[in-house]
Amino acid sequence: MNDKTPVEASKWLPPGTFDGQRVVVTGGGTGLGLEISRGFADLGASVAILSRSPEHHTELLDEARLRGWNVHSFACDVREHEAVARAAEEATRALGGVDILVNNAAGNFVCPTERLSANAWRAVLGIVLDGTFYCSRDFGKVMIAAGGGQIFNVVATYAWTGMPGVVHSASAKAGVLTMTKTLAAEWARFGIRANAIAPGPFESAGSKSNLWPENDLEDVVRELVPLGRFATTSEVAAQCLWVMSPASVYMTGECIVLDGGISLPKTMWEPGARVKREKE
């Protein structure tokens, strides 16, 4: 018997929103990718997830069997263009085509630039920037042949501003943001839309272990958010699903910021306080 309990990320859209859609999600077995994949499957899509570690596929595959979802998984290191080409062929065959690609695979950790090794730099750039390009190119060819589709990229607010400690990730995400706009302009003639989301801090095991492993540091970051809390992973996934739904069919080349206001300018005075001015 199928479990019909609604998935948190999908409850804001009508049932069947993605009926008949074939979706590929990189890094789709953990964190934000898992919640996006669950939301798609719950709303009627056939989903294929790609990640390096097959053990990351287990949770979604088990849930898919319980709920009656159509989910496939493929081991793939997105840094390797030959591996991506194979995965694109296998996923397209399994799904019968690809309508939506979500480039979610990422790597990040805090490290001062002067201590960042060449291998660490290359690893993050390889996953985020190279992987997004390889997947966009190979799955994009499938969409071009079929007459259209969508590419959706996960970036970060520091893609615009930079941020100390994440020069590798900020550089890679900035490249992905520009890639999003480039593909939107270049591939519109093929019926392909390309959009992105830039989440601020949100609750996830990866963020906890890599970006604010200490509770005191997590509290400092949380205090910077005007809304006073981190987003949940499901809240971010819900926004991703909305952008890829028919509700945004005329949107392309855009990046939605979802950060609780943390990227807004900081105040120079205490909100609500009376500002004293010297008399002339």
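Above this note sits the structure.
Reading the values: the criteria
- Residues numbered from 1 in each chain as written.
- Predicted model: local features only at pLDDT ≥ 70, side-chain atom pairs only at ≥ 80, totals over all residues.
- Heavy atoms only, no water.
- Salt bridge = Lys/Arg side-chain N within 4 Å of Asp/Glu carboxyl O.
- Helix = DSSP H or I, 4+ residues; strand = E, 2+ residues; numbered from the N terminus.
- Pairing = 2+ DSSP bridges.
- Axes fitted to C-alpha atoms, helices over the stretch in contact; angles between N-to-C directions.
- Phe/Tyr/Trp six-rings, centres within 6.5 Å; stacked < 30°, edge-to-face > 60°.
- Buried < 20%, exposed > 50% of the residue type's maximum accessible area, 1.4 Å probe, protein only.
- Parallel < 35°, antiparallel > 145°, perpendicular 65-115°, else oblique.
- Left-handed = near helix turned anticlockwise from the far one by under 90°.
- Contact = heavy atoms within 4.5 Å.
- Nonpolar A, V, L, I, M, F, W, Y, C, P; charged D, E, K, R; others polar.

### Let's talk about the pattern of salt bridges
So, step 1. Taken as a whole and assessed by the stated rule, the structure comprises 11 salt bridges.
So, step 2. Between Arg22 and Asp99 there is a salt bridge; the shortest N-O distance is 2.8 Å. Within this pair, whereas Arg22 is found in strand β1 (residues 22-26), its partner Asp99 is found in the loop between α3 (81-95) and β4 (100-103), the two being separated by 77 residues in sequence.

### Quick word on the sheet that holds strand β7 (residues 255-258)
So, step 1. Taken in spatial order, the seven strands of this open sheet run β3-β2-β1-β4-β5-β6-β7, and their pairing is parallel. The open sheet is flanked by β3 (71-75) and β7, the only strands paired with a single partner. Neighbouring strand axes in the sheet, compared pairwise and without regard to direction, differ in orientation by 15° on average.
So, step 2. Here β1 runs beside β4; their pairing, made up of three bridges, is parallel. Along β4, the bridge assignment pairs Val25 with Val102.

### Quick word on the packing of aromatic side chains
So, step 1. In this structure the tally under the stated criterion is two aromatic pairs.
So, step 2. Measuring from ring centre to ring centre gives 4.7 Å for Phe18 and Phe40, while their planes differ by 65°; the resulting arrangement is edge-to-face. Residue Phe18 is found in the segment before β1, and its partner Phe40 is found in helix α1 (residues 31-42); the two are separated by 22 residues along the sequence. We note that Phe18, like Phe40, is buried.

### Structural notes on the packing of α1 against helix α2 (residues 58-67)
So, step 1. The contact between α1 and α2 brings their axes to 11 Å, and the two run at 20°. The pairing of α1 with α2 is recorded here as roughly parallel in orientation. Both α1 and α2 take part in a crossing whose hand is right-handed. Mapping the contact onto sequence places Leu34, Ser37, Arg38 and Asp42 in α1 and Glu59, Leu60, Glu63 and Arg67 in α2.
So, step 2. Of the residues assigned to the contact of α1 with α2, the class counts are two nonpolar, one polar and five charged.

### Some words on the environment of Leu177
So, step 1. Relative to the elements of secondary structure, Leu177 occurs in helix α6 (residues 167-187).
So, step 2. Judged by relative accessible area, Leu177 falls into the buried class, the value being 7%.
So, step 3. It is 7.3 Å that separates the C-alpha atoms of Leu177 and Ala196, two residues lying 19 residues apart in sequence.
So, step 4. Apart from the residues within four sequence positions on either side, Leu177 is in contact with Val155, Ala159, Trp160 and Cys255.

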